[in-house]
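Now for the letters of each chain:
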Amino acid sequence: MKHFDAIIIGTGQAGPSLAARFASAGKTVAIIERHKFGGTCVNTGCIPTKTLVASAYAVHVARRGVEYGFATGDVRVDIKRVKARKDAASAKSSTGVEEWLRGTTNCTVIQGQARFQSSNAVEVNDEVLQADKIYINVGGRARIPDMRGIHDIPFLTNSSMMDIDFLPERFIIVGGSYVGLEFAQIYRRLGSEVTIVETGPRLIGREDEDVSQAVREILEAEGIHIRLNAKCISLAKRDGGVAVGLTCEEGAPEVVGTHVLLAVGRVPNTSDLGLDRAGVATDSRGYIIVDDQLQTSVPGIWALGDCNGHGAFTHTSYNDYEIVAANLFNADHRRISDRIQAYALYIDPPLGRCGMTDAEIRKSGRRALVAKYPMSKVSRASEKGETQGFIKICVDAETKQILGAAILGVGGDEVIHVLLDVMYAKAPYTVIQRAMHIHPTVAEYLPTILSELEPFA
Ligand SMILES: Cc1cc2nc3c(=O)[nH]c(=O)nc-3n(C[C@H](O)[C@H](O)[C@H](O)COP(=O)(O)OP(=O)(O)OC[C@H]3O[C@@H](n4cnc5c(N)ncnc54)[C@H](O)[C@@H]3O)c2cc1C
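Residues numbered from 1 in each chain as written. Predicted model: local features only at pLDDT ≥ 70, side-chain atom pairs only at ≥ 80, totals over all residues. Heavy atoms only, no water.

Let's shift gears to the state of the cysteines. For the structure shown, the criterion picks out 1 disulfide. What pairs with Cys41 in a disulfide is Cys46, and their sulfur atoms sit 2.4 Å apart. On the sign convention where negative is left-handed, the bridge of Cys41 and Cys46, at about -135° about the S-S bond, is left-handed. Cys46 gets classed as partly exposed once you look at its relative accessible area, which sits at 28%. Unpaired in terms of disulfides, Cys307 finds its nearest cysteine sulfur in Cys41, a separation of 15 Å. (Disulfide = S-S within 2.5 Å. Buried < 20%, exposed > 50% of the residue type's maximum accessible area, 1.4 Å probe, protein only.)

So this is what it looks like as C-alpha cells:
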C-alpha cells in the first residue's frame, strides 16, 4: 500500500492548485483523474463555451457591418473551423494542467477511477493508496431528468455538444437558465433556428424579474423562440428529429426540431466514489456535506468545488482551494461564509451579478435604496453600438454598503468587479463617487448612477 501526505481526487479547478501547494511545501501528494485533465471548465464548460461565444459574437458583428461602415458580403459560418478553434483552446488548457502536474516534484499523477476503501484509503487501478488527508474535487455532470420519452430519443448535453461539428438545423434547448441561454444565443448566431423550452414562468428564474425580462427581449430580438410555462415536458421521435411536448396531455402543443439539448441542471459525481465506505455524508441530492472550512463529516476528508453544493462556478471551486490552503498552510482561518456571491451569464451583452437580488433584499427586511440606469445612456455603450441592458445597484440605507448589483450590458462581466471589491472592503458606496474613473468606460457611470439612489418601490 502506497502512502502519501495527501490524496486529491479530481483535477477540476481546486485539485491541481492544491496538489502544487502540497508539493511545494515538501509533502507527497497523489492526484487522481479518471477522464480529461482540467475537468468541466476546461473541457466541457467555461473555456469551450466562451470560445464559442467569441466566434458567435464575431459573426454577429460581421452581420451588422453596415451599421459600422463596412461590407462583408454574405457571412458564412464554417462550423468545423469554429469547433477546431474551440477544441484548440480546450486542448491547450487541458494539456497545460496535465504537464504542470506531471512536472511537479513530489506529485504523483494517476489516471483512473478513484473509490474510497476506507476513511484514509483510496483504490485506483487495483492499487490502494493511503493518506492522512484526502481532498475530493470530483465536480458534476449534466442532470438527465426522468422525462417521458427520454429513453426514446437521442439528446445532447453540454458534454456531447463539444463533439458536434455540424449546425443543428432546428435546435430545441430544454432549460432556460445559464447553460441553456448561452448555447441558445451561440447557435442562433451561428445559424440554427433555436427554441428554448422552460418549465418556469420566466427565464433564469433565480434572477430578478426585470433581469429575466430584459434577457428575454435580447434573445427574442435575435429570433430565438421562447416557450415558457412548459409544465410537463415530454420527448418523442418525429420526422427524423424530435418533438418536445410542452405539457404531458394528449394532443397538447409541441415543438418539433432536429436536435435537442438538455440543460436542466447539474448533479454531483459522488455516487460512484464509495463515500459510504469512508462514512462521508451527502445530502438528499448527493452533494457532499461540508463545514465552513470545507471539511466533510469525516475528519481528514475535505470536499471542494461543485461536489459540495456551495457553488457551481470555476471561481467558487478555486476559492474553495484558497480557503483550504489558507487554513492548512497559513493559519489563516478563511471560511466559505465570508464570500460574496458573484457570477456572470455569458450571453451578449453579458450579465454580471454580485451580492443579493432585489427579492433577497426584500426578504431580508432591510431598508434599502436602488438605482437603475439604462445602458442606452452610457456613452461607451453608444459608441460601441451595444446599448442593450441596464445597470442596477442596491445599497443598504443605513450602512451605505452595496448589497447587490446586476449589470446587464457591454462589459458587465468586468465592471461588476468595481462593486464587488468595494463590497469586500465593506466600504460605503460613496468611495466610488470620490474616485476618478477613466473616460470613456462603462465604469465611469457608477458614481452618477449611485447619485440617483431611491428607496425600494
Ligand atoms: C456549459 C457550461 C459552461 C460553464 N461556464 C462557466 C463560466 O463561464 N464560468 C464559471 O465560473 N463556471 C462555468 N461553468 C461551471 C464550471 O465549469 C464548474 O463550476 C467548474 O468546472 C467546477 O469545477 P470543479 O473543480 O468542481 O470540478 P470539475 O471541473 O467538474 O472537475 C472534476 C474532475 O474530477 C474527475 N473525477 C470525477 N470523479 C472522479 C473519480 N471518482 N475518480 C477520479 N476522477 C474523478 C472528473 O473527470 C473531472 O475531471 C460552466 C459549466 C458548464 C456545464
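What follows covers unusual backbone geometry. Cis peptide bonds are those with omega within 30 degrees of zero, and the linkage from Asp348 to Pro349 qualifies with 0°. Locating Pro349 in the fold gives a position in the loop between β17 (342-345) and β18 (351-355). The residue after His439, namely Pro440, is reached through a cis peptide bond having omega -5°. Within the secondary structure, Pro440 sits in the loop between α13 (430-434) and α14 (446-450). Non-glycine residue Asn229 carries a positive phi angle of around 55°. Within the secondary structure layout, Asn229 lies in the loop between β10 (225-227) and β11 (234-238). Given a relative accessible area of 39%, Asn229 falls into the partly exposed group. Non-glycine residue Lys400 carries a positive phi angle of around 65°. Take Lys400: it is sitting in the loop between β20 (390-396) and β21 (402-408). (Helix = DSSP H or I, 4+ residues; strand = E, 2+ residues; numbered from the N terminus.)

The next subject is helix α3 (residues 46-63). For α3, spanning 18 residues, the distance from its first C-alpha to its last is 25 Å, which sits close to the expected 26 Å at 1.5 Å a residue. Of the residues making up α3, those classed as buried are Pro48, Thr49, Thr51, Leu52, Val53, Ser55, Ala56, Val59, His60, Val61 and Ala62. In this structure, the buried residues of α3 make contact with α2 (39-43), α4 (65-68), α5 (79-102) and α6 (178-190). (Expected span 1.5 Å × (residues − 1). Contact = heavy atoms within 4.5 Å.)

As summarised here, the arrangement of the 4 strands in space is β10-β9-β8-β14, forming an open sheet in which the pairing is parallel. Both edges of this open sheet fall to β10 and β14 (259-262), since each of them pairs with a single strand only. Geometrically, the sheet is characterised by an average inter-axis angle of 20° between neighbouring strands, direction not taken into account. By the bridge criterion, 5 bridges tie strand β8 (residues 170-174) to strand β9 (residues 193-197) in an arrangement that is parallel. Looking across to β9, one finds that Ile173 is bridged to Ile196. Its contacts with the sheet place α6 against β8, β9 and β14, and it is angled at close to 165° to β9. (Pairing = 2+ DSSP bridges. Axes fitted to C-alpha atoms, helices over the stretch in contact; angles between N-to-C directions.)

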